[in-house]
Amino acid sequence: MATPNPSALDGLELDYVRFYVGSLDTARDWLVRGYGLGERPLGDSGPDWATVRSIEIGANDVRFIFSEPLVEDHPGTAYVDHHGDGVSDIALRVSDAKAAFEAAVARGARPVAGPSRAGNVVTASIMGFGDTLHTFVEYPGGVPAPIAVNAEEPGALLEIDHFAVCVEHGHLDATVDFYRDVLGFELIFAETIAVGAQAMTTKVVQSKSGSVTFTLIEPDTSKEPGHIDDFLKDHGGAGVQHIAFTTNGIIEAVDVLRDRGVEFMGTPASYYADLLQRVVPEQYSVANLREQQVLVDEDHDGQLYQIFARSVHPRNTIFLELIERLGARGFGSGNITALYQAAERQRDHH
């Protein structure tokens, strides 16, 4: 066999995100009706079309494939039985899927499916974290056009900013090593956050292209269980806890999405009462932020505004985040502490 080409993984970019779901109609309702994404049928193509029903949902640079398995012995059935609806594959676009697969396996990746071609697409898959795969995708005939949705519309989702991934205690460093050593990602951020009786460690890895970012989070099991522990229990192991979308004009976006029925997590009133002691918002007034329950954080590169939607899934697992960046490169860690302190003060006053 030829020596794997180490540069085969240099230019990888995010291609699509596959969800396995129990109901395609429910998933469509969640994202098409709620978030204004477009959809298109995938048709009866591919080797397993008779055993799974799939649609593509997306807008701009956001591309999801939702698949509802139709038979018991489909891998998606086992996935949904174990995890509920969730992200089963984060596909990575490459110029040569075979070379990328061989390079990744040579560096220690666990192979799942070797290179194969269906129509104008060549794919090959490796294991990522938990039960989540990474499929290398090559388009010899050219990348398909995205689903057209007006990027200028208020509330439009532009691209996936990052994936938040929960891993079991003791698995964080090995997961970071996998992305660095196998896929050539870089560690761009690391911190441990302790809030009250809970604590967690976060490490952020990003592809060289900047297109794929994973915020990897591990709970500290010597402390009291928190929402990371809840996710790992309810999801049945490591997986994608939330996906963050970038948007321009987050205040307007939240307004539009609320009108469509999207519910967001609330923020204690005391968060806004204390806000100016921590950060002075540049883009919006405190009144605007309070009205829409949007959070603000800053780092030495600028500010970011964020809000988390409530999970709509029966297990209360995966949910979505909206984020607007004004230069900031962090992930809102200041908000975790500020929210916790605000919630504690609010409890003390009751």
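Residues numbered from 1 in each chain as written. Predicted model: local features only at pLDDT ≥ 70, side-chain atom pairs only at ≥ 80, totals over all residues. Heavy atoms only, no water.

### Here's the deal with the sheet that holds strand β15 (residues 302–308)
For the record, the criterion: Only strands that DSSP links by at least two bridges are regarded as paired with each other. Under the DSSP-based scheme used, a helix requires at least four consecutive residues in state H or I and a strand at least two consecutive residues in state E, with every element numbered from the N terminus. Structural elements are reduced to axes, namely lines fitted to C-alpha atoms, with helices fitted over the stretch in contact, and the angle between N-to-C directions of any two is expressed from 0 to 180 degrees. Throughout, a contact is declared for two residues whenever any of their heavy atoms are within 4.5 Å.
Strand order in the open sheet formed by 8 strands is β10-β11-β12-β9-β13-β16-β15-β14, with mixed pairing between adjacent strands. The strands lining the two open edges of the sheet, one partner per strand, are β10 (186–195) and β14 (295–299). For this sheet the average axis-to-axis angle between neighbouring strands, irrespective of direction, equals 25°. When β10 meets strand β11 (residues 198–206), the two strands line up antiparallel, connected through 9 bridges. Looking at the pairing, Ile-193 lines up with Met-200 of β11. Packed on one face of the sheet, helix α6 (residues 250–259) meets β15 and β16 (319–326) and runs near 155° to β16.

### Considering the side chain of Arg-18
Where we set the bar: To sort residues, take the accessible area from a 1.4 Å probe on protein chains only and compare it with the maximum for the residue type: under 20% means buried, over 50% means exposed, and anything in between is partly exposed. Under this rule, positive means Lys or Arg and negative means Asp or Glu; His and the chain ends count for nothing. The term salt bridge refers to a side-chain nitrogen of Lys or Arg lying within 4 Å of a carboxyl oxygen of Asp or Glu. By the criterion applied in these results, polar contacts are pairs of N or O atoms within 3.5 Å in which, for protein atoms, one can donate a hydrogen and the other can accept it, and in which residues neighboring in sequence qualify only through two side-chain atoms.
Mapped onto the fold, Arg-18 is located in strand β1 (residues 13–20). No salt bridge is formed by the buried Arg-18; its nearest oppositely charged neighbour, Asp-89, is found at 4.9 Å. Here Ser-67 takes part through its side chain, which lies 2.5 Å from a polar atom of the side chain of Arg-18. Once you skip the residues sitting within four places of it in the chain, Arg-18 turns out to touch Ser-54, Ile-65, Ser-67, Gly-86, Val-87, Ser-88 and Asp-89.

### Here we look at the pattern of salt bridges
Counted according to the given criterion, the structure contains 15 salt bridges. In this structure, the salt-bridge partner of Arg-28 is Glu-39, at a minimum N-O distance of 2.9 Å. Here Glu-39 lies in strand β2 (residues 38–41) and Arg-28 lies in helix α1 (residues 24–35), a separation of 11 residues in the sequence. We classify Arg-28 as partly exposed; its relative accessible area is 23%. A salt bridge links Lys-233 to Asp-234, with the nearest nitrogen and oxygen atoms 3.6 Å apart. Since its relative accessible area comes to 62%, Lys-233 is described here as exposed. You can call Asp-234 partly exposed: its relative accessible area is 28%. Connected via shared salt-bridge partners are Asp-15, Arg-40, Glu-56, Arg-63 and Arg-93.

### A word on the sheet that holds β1
What the 8 strands build is an open sheet, ordered β2-β3-β4-β1-β5-β8-β7-β6; its pairing is mixed. The outermost strands of the open sheet, each flanked by one partner alone, are β2 and β6 (111–118). For this sheet, the mean angle separating the axes of adjacent strands, direction not counted, is 25°. Summarising the sheet, β1 and strand β5 (residues 86–93) pair through 6 bridges and their orientation is antiparallel. Bridging across to β5, Arg-18 finds its partner in Asp-89. In this fold α1 packs onto β1, β2, β3 (52–59) and β4 (62–69), with an angle of close to 0° to the strand it touches most, β3. Docked against the sheet, helix α2 (residues 75–83) engages β1, β4 and β5, running at close to 75° with respect to β1.

### Focus on α6
Keep this limit in mind: Starting at the helix axis, one direction is taken to each C-beta atom, and the arc is that of these directions.
Residues of α6 that are buried: Ile-250, Ile-251, Ala-253, Val-254 and Leu-257. Down the axis of α6, the sector holding all buried residues measures 160°, keeping them to one side. A positive backbone phi angle near 100° is found at Gly-261, which sits one or two residues after α6.

### As for the packing of aromatic side chains
Basically, it comes down to this: Pairing of aromatic side chains here covers Phe, Tyr and the six-membered ring of Trp, requires ring centres within 6.5 Å, and sorts the geometry by plane angle: under 30 degrees stacked, over 60 edge-to-face, intermediate tilted. In our convention, an over-ring charge means Lys NZ or Arg CZ found within 6 Å of a ring centre and within 35 degrees of that ring's normal.
Using the criterion set out here, one finds 17 aromatic pairs in the structure. Look at Phe-129 and Phe-214: their rings are 6.0 Å apart centre to centre, the planes differ by 75°, and that puts the pair in the edge-to-face class. In this pair, Phe-129 is assigned in the loop between β7 (121–127) and β8 (133–138) and Phe-214 in strand β12 (residues 213–219), connecting sequence segments 85 residues apart. Grouping residues by exposure puts Phe-129 and Phe-214 together as buried. Three or more aromatic residues joined by ring pairs make a cluster, and in this case those are Phe-129, Phe-163, Phe-178, Tyr-179, Phe-185 and Phe-214. The ring of Phe-331 has Arg-325 lying over it, and the distance from NZ or CZ to the ring centre is 5.2 Å.

### Section: the nonpolar core
Threshold: Joining through side-chain atoms within 4.5 Å is the link that ties buried Ala, Val, Leu, Ile, Met, Phe, Trp, Tyr and Cys residues into a set, and such a set is a nonpolar core.
With 81 residues, the main nonpolar core has Phe-64, Phe-66, Phe-136, Leu-183 and Phe-214 as its most contacted residues. Sorting elements by how many residues they give to this core places helix α3 (residues 97–106) first, with 6 residues. Apart from the residues within four sequence positions on either side, Phe-66 is in contact with Phe-19, Val-21, Leu-24, Ala-27, Trp-30, Leu-31, Arg-53, Ser-54, Ile-55 and Ile-57. Grouped together as the second largest cluster of nonpolar side chains are 9 residues, Ala-164, Ile-193, Met-200 and Ile-228 included.

None of the figures reported here should be taken as evidence of function without further support.
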